[in-house]
Protein chains: 2
Amino acid sequence: KMIKQLLISIVCGAAMLTVGILIGHYGITNAPSWVKDVVRDVDESLIEKFLSEVDNIQIQENLKELTKVPHMATTAGDEQTVQLMLKRWQDPESGLDQAWREEYLVYLSFPDPKNPNKVTVVSPSETVLHTAREKEKSYTPDQDDPAVVQPYAAYSPAGHQRGRLVYANQGKPSDYLLLNQTVDLKGTIAITRYGGAGRAAKAINAAPYGVIGVLVYTDPLDINDGLMSDANETYPHSWYMPPSGVERGSFNTHYGDMLTPYLAAKEETYRIPVEDITGIPPIPIQPIGFEDAYILICELGGEAAPKEWQGAFNCTYNFGGPGFKPTSAFNNSDVKLDIFNHEKIKNSSNVMGVIKGSVEPDRYVIYGNHRDSWVHGAIDPSSGTSVMLELTRVLGKMVKQGKWRPRRSIIFGSWGAEEFGLIGSAEYTEQYFTKLSERTIAYINVDIAVFANATLRASGMPSVQNVIFKAAKQVNAAGLESTSVYDNWIKYSNRTSPAHGTIPRMGYLSGAGSDYAAFVHYLGITAMDISYTYDRLDLTFVALCCLAALPFLSFLTLFIWMFFFIQSKTNARIYPAYHTAYDTFDYASKFIDPGFVSHQAIARTAGNVLIRLADSLVLPLNCSDYAEILEDYLKTAVNLYQNQLQVKHISMGKHPLKRAVASFRSAATHLDQVILSSDLANETPLKVRRINDQLMLLDRAFLNPLAFPDKYAFRHVIWASSSAGKPTFPGLADAYAKAESSGQPRDWDKVHYHLSVLSQAIEGAANTLVDVI
Amino acid sequence: KMIKQLLISIVCGAAMLTVGILIGHYGITNAPSWVKDVVRDVDESLIEKFLSEVDNIQIQENLKELTKVPHMATTAGDEQTVQLMLKRWQDPESGLDQAWREEYLVYLSFPDPKNPNKVTVVSPSETVLHTAREKEKSYTPDQDDPAVVQPYAAYSPAGHQRGRLVYANQGKPSDYLLLNQTVDLKGTIAITRYGGAGRAAKAINAAPYGVIGVLVYTDPLDINDGLMSDANETYPHSWYMPPSGVERGSFNTHYGDMLTPYLAAKEETYRIPVEDITGIPPIPIQPIGFEDAYILICELGGEAAPKEWQGAFNCTYNFGGPGFKPTSAFNNSDVKLDIFNHEKIKNSSNVMGVIKGSVEPDRYVIYGNHRDSWVHGAIDPSSGTSVMLELTRVLGKMVKQGKWRPRRSIIFGSWGAEEFGLIGSAEYTEQYFTKLSERTIAYINVDIAVFANATLRASGMPSVQNVIFKAAKQVNAAGLESTSVYDNWIKYSNRTSPAHGTIPRMGYLSGAGSDYAAFVHYLGITAMDISYTYDRLDLTFVALCCLAALPFLSFLTLFIWMFFFIQSKTNARIYPAYHTAYDTFDYASKFIDPGFVSHQAIARTAGNVLIRLADSLVLPLNCSDYAEILEDYLKTAVNLYQNQLQVKHISMGKHPLKRAVASFRSAATHLDQVILSSDLANETPLKVRRINDQLMLLDRAFLNPLAFPDKYAFRHVIWASSSAGKPTFPGLADAYAKAESSGQPRDWDKVHYHLSVLSQAIEGAANTLVDVI
């Protein structure tokens, strides 16, 4: 019995001991409470919840509210949208942690409402034979809003110019060169069509030939797939531009406020003298509708312009005598430009909002879009703003309800004055340069969210490809029940990757087309731009199909085929109401995205990317995908340049550029391996932070403030803009093109110099990816 | 009994439970093992151990070995020191984790051993009346080493110039301007003394006046406190420069390899054409000893030069006729320069070594010094290298024995080719720009460790003041048993700080005097330069003392006083053997630091700072001390410039510069408060990392690559070099001085521009110190 009692005691004692140990070990934890927070990864169920809550009707309502009135930068309508953003982002139930406005005093250009710009045809007897329309024709009450700004070329100088008209195609340097071989351009007015060259370039290229004024219009060939009649073909019957529609725009070359280069445009900031501004038209320029352009161009005399200069008008596009045909009613008449534009320093606001990060508040994911439009801006930019407001509503609600707080901070930016040259975002990056450079994981830009409703389009650094793919796979394609955005995308645009096989084709952010520019080119921040877009009409493809099919098909079938192509595909430069008074809620909801399902797909995709960047333990940025594109660029460069460079005694064969790209590849592979072989959830949080810093800062390594002395605020040696038009390193391509054309040894030196700049940057980037010490 | 048994059972059970809980809680820890590592702070006992192990005899032996032979950059002697560094740093018992060499192909300038440069006085009949000494006089076998390079001016062009001699004082612009008012300088040779202007500037300033060659010498007034005789006054009897001693040097304006600006000088790197090099002498220049200068200057004719131009020679310094006095044996004679310098691209090595950090390997503390000398370089740079080798021996031993591994990584750099223009360190920062910018906590430079043995001298960003003070308080002053380096320092040089009361006075790193330049000015890395130095002879002070004492003292007492001052204080520009053949182990051990106790004090102080930077949980960098200096600079700027700027309609009263400095102060106070109020040892390690990132990156915020377009690789807007000589913001001071002298509105615009650059930088820095979001 004693033994039995003893045994019971021992068993009980052991049990108590065990229970004690268990309580001690698991019950009273001695691991600090932050341990599990710092190793938490993205929560997939939260992403599902987010996706399910993104609502197309909410987006539609956002758009309706944003487009009530025109909201050109710094106007009363713009202020209304500022207030709307603030109200939403400060909403106690679905707002952000904080929201505020940031103001800049920026240099803008406006027409004079009391003295509208005029384009007239004036006879030798001073009779006005034709006056171009001053305002676009109205089809809905929207277009009658007195706040609709007259079509004009922002930053065109005011002036009164009169001269014979000539047709200069797209106003490219080669166009004026060719035209000048036939016509004496001194004292002429040139009419050009949009496309092929930047807006300001059409005037800048013209001035050296003595051209004194420029007109620009949108040819129906370039925007309407050739259609012209508003009786049945164009808006309000379709998405096409009506005959009186005019694309407004900023006629500048650089981005950011022109008077305060590299400085935030605050009240007492030093401003350069206006005469020091570069990159704007030296002579007056004015945009007009194709209705007026038709009347002018079809009356032009002189020789017929080349085939590539011809547009969709049912007449031959002649060079101009200069001036009109002898048989024309305009014979011997001049075209007269009376431009009353004036510049003003005005107060423009960014609206900023933040959700503070829980674990790494000093790491920022930035999501932004501009708020200002030219007129109502339903598509540009309000489609993006509607999407952003829906994102912030869903995320804000989760934050306010205590259901979520991102690991990293999220900053939302509603930029001002983008239409005048990406001004709000550029000033923001100038003001907060250091802070943003040091802490920003990535910038997501959704400006025009929906150009058209066929497929996703995404551009960005190669390192973001993976997270966009992942997000796109989890979202239903717009209007398709069981196809993902990814599966739909790959059908429209794809490429073969050595690492991944066939994948959707991402674009690059090599220009300055929207507010990503300052982030990419000035700060070297990993960025992306996301939208829904067209099924691009490939005319060569159509022509080949038709030709191939011809023997086998009746003309009726062929006609049906063609009709199908025209309906679902387009060759438009951009959506046809771009920067016109027709870019309204009516237009967007009827012709761009009925039901707002493409908007919804964008909100879901971009939001998914945003959450993953903010919450993932290891940043979902892939440096090996970057290596693939560098290898691609290198291959092109070697193909294009190696032989000729050898002649110039610049070796690419043993050149450090090849070594640098190889170093980058091996460093990227190594870092991938480190990530794969680590148990980051159980190692010190300083290890994952270190890896994430390597990934975050990768693009910073490609910055060189001296690489592009002629390009304002372009510092990223891989993605800078280039005029050479080759799919390779931009500075190398431009330097090579220049040297080839000039033949000067000093220009070949510059090619060599740029090779060294590039090699050092890529080698430097590789150095940041290898073992940290 | 049952009750008793039950009670016993319960008590036992409870006891077992308690034991179990205790075991479970403390015995089987469930906190990850890294938790205590990531919150560990600097270990004071380890610092004590370090201090006690730093050995003066070891330093002396290091110096002896380093100075066996001359080791001018890229010579065989230099290679011997490379091997020595590698051997020490790769030592299995007291070496570093890793050590290697990094090579650069750099542009250097040498005299021709077969055709020594010649300076002669040539009579009209072509008789050579005097030939300047080609090599310095030998007092010890060291000076007879065939590897002793003839005195020369590196980067002086070769050439043969002959002309009348003039005396141009220090070769400043104002000197030539004044001289030119009396003497026609066309075709003359100018003799100048060291000091007042940069080496190259003496020739660059001369050329526009038609001067065709320049001589430069060291006046005994400037280096020897007036003493001249090697019979009893100069080396080998004292530290003073013997009559034949010549300061060699690099005659350049910018730093880094001249052919590869902003690019690491690798084999295939693009090199600019030699004719594009700027900042080097356009006319031949040659340094000579004061023995020869005496012969030339005292024979000069023409008017007497002004009082401030007079040196220590016992004759009147005349301007020159041009040429010599009619009464001189040199009457009508010319001075002739035959310079045979030639430039060569040579392979120069940095030797690098690392101790890998345990917790944050991706954070670097860099400690460096150059390795190359002009001749034996016992003081410059081998005093610093001896100290560095002792540091790495003591630290390396602790690492190899497993007793210590720093929290952060430590990088040691033994730079090459510093004497030719800080080339090794500059190329290193160009090659690893991004990596170093992103990860470097601070750079510690100890070049000349001991100029003299009176007191510590430290220069650096204000944020390092605190850690240097802390370290200096723990180290015994050289040769003083119970006085700390700090207490000794404060006696020699102090200031009143609003925050700290009387404290030692730190200097600033506003020039490019040693290898800190690229770190400070190009990378914006917090840096410091540490040495032991003179008791500076303040002549005004001596004069006042004498005058005040005169009524009370016998002349004998006065004489003794004076003698005491002269013995222990000096007015020398620098230690007198600087860049001569007399800078040997003999000189260093007899006259600079007998017993090597000052070397030891520097090793202990710098090592203490190094360990604290590497091991402290919170970085020992203080941003409020930075604010104090910015306020100081602002006050000076307001005093000097506000009134005149008001006249030019540039308001400083309400100007953002004032606001920016105020923002910086309040942001610094806030961050200090965050640090104080945090329990960082128990909070997430990502919080202390965040704060440390704010501290580490602070100086990066002051960089602007566009702020100083005329100054190569100067980007730090607070510490850039300045020619205005005002204790305030350098770019502002220079812009103001220029505008004031030219009166041009465009120059006043540049003042306004620089105010904006400065305000934005300081405001940007403040933004990095406030709450991270």
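Definitions and limits used
- Residues numbered from 1 in each chain as written.
- Chains lettered and ligands numbered in written order.
- Predicted model: local features only at pLDDT ≥ 70, side-chain atom pairs only at ≥ 80, totals over all residues.
- Buried ≥ 20, exposed ≤ 12 C-beta atoms within 10 Å, placed from the backbone.
- Helix = DSSP H or I, 4+ residues; strand = E, 2+ residues; numbered from the N terminus.
- Arc of directions from axis to C-beta.
- Contact = placed C-beta atoms within 7 Å.
- Pairing = 2+ DSSP bridges.
- Nonpolar A, V, L, I, M, F, W, Y, C, P; charged D, E, K, R; others polar.
- UniProt positions renumbered as here; feature names shortened; annotations may be inferred.

Before going further, it helps to spend a moment on helix H4 (residues 56–66) of chain B. Residue and element names in this part refer to chain B. Buried within H4 are the following residues: Ile59, Gln60, Asn62, Leu63 and Leu66. Angular distribution of buried residues about the axis of H4 spans 160°; they occupy a single face of the element. Buried residues along H4 sit against helix H5 (76–89), helix H10 (382–400), helix H18 (585–592) and helix H19 (597–615).

This brings us to the pairing of strand S19 (residues 527–533) of chain B. Across a regular strand the side chains alternate sides, sitting on one face of the sheet and then on the other. All names here are of chain B. In terms of burial, S19 is a largely internal element, seven of the seven residues being buried. Here S19 shows two buried faces, one formed by Ala527, Asp529, Ser531 and Thr533 and the other by Met528, Ile530 and Tyr532. Sheet analysis places strand S15 (residues 440–445) next to S19, joined by three bridges and oriented parallel. Residue pairing in the sheet places Ile444 in a bridge with Met528 of S19. Sheet topology note: the strand S16 (residues 455–460)/S19 ladder contains six bridges and is antiparallel. Across the sheet, the residue bridging to Ala458 is Ile530, located in S19.

Time to look at the interface of chain A and chain B. On the side of chain B, 68 residues touch chain A, which itself brings 68 residues to the contact. Secondary-structure elements contributing two or more residues to the side of chain A that touches chain B are helix H1 (2–27), helix H2 (34–38), strand S13 (360–370), helix H12 (433–439), helix H22 (685–697) and helix H24 (745–769) of chain A. At 13 residues, H1 of chain A tops the list of elements feeding residues into the side of chain A that touches chain B. Its residues placed into classes, the side of chain A that touches chain B shows 34 nonpolar, 22 polar and twelve charged.

To continue, consider the UniProt feature "domain: PA" (unreviewed entry) in chain A. With numbering aligned to this structure, UniProt lists the feature "domain: PA" (unreviewed entry) at residues 163–250 of chain A. Annotated as 20% helix and 18% strand, the span residues 163–250 of chain A places its first and last C-alpha atoms 25 Å apart.

Now for the pairing of strand S3 (residues 128–131) of chain A. All names here are of chain A. Relative to S3, strand S2 (residues 118–122) is paired through three bridges, and the arrangement is antiparallel. What sits directly across from Val122, in S3, is Val128. Linking two consecutive strands that pair antiparallel, namely S2 and S3, is a turn of five residues; a positive phi of about 70° is found at Glu126 within it.

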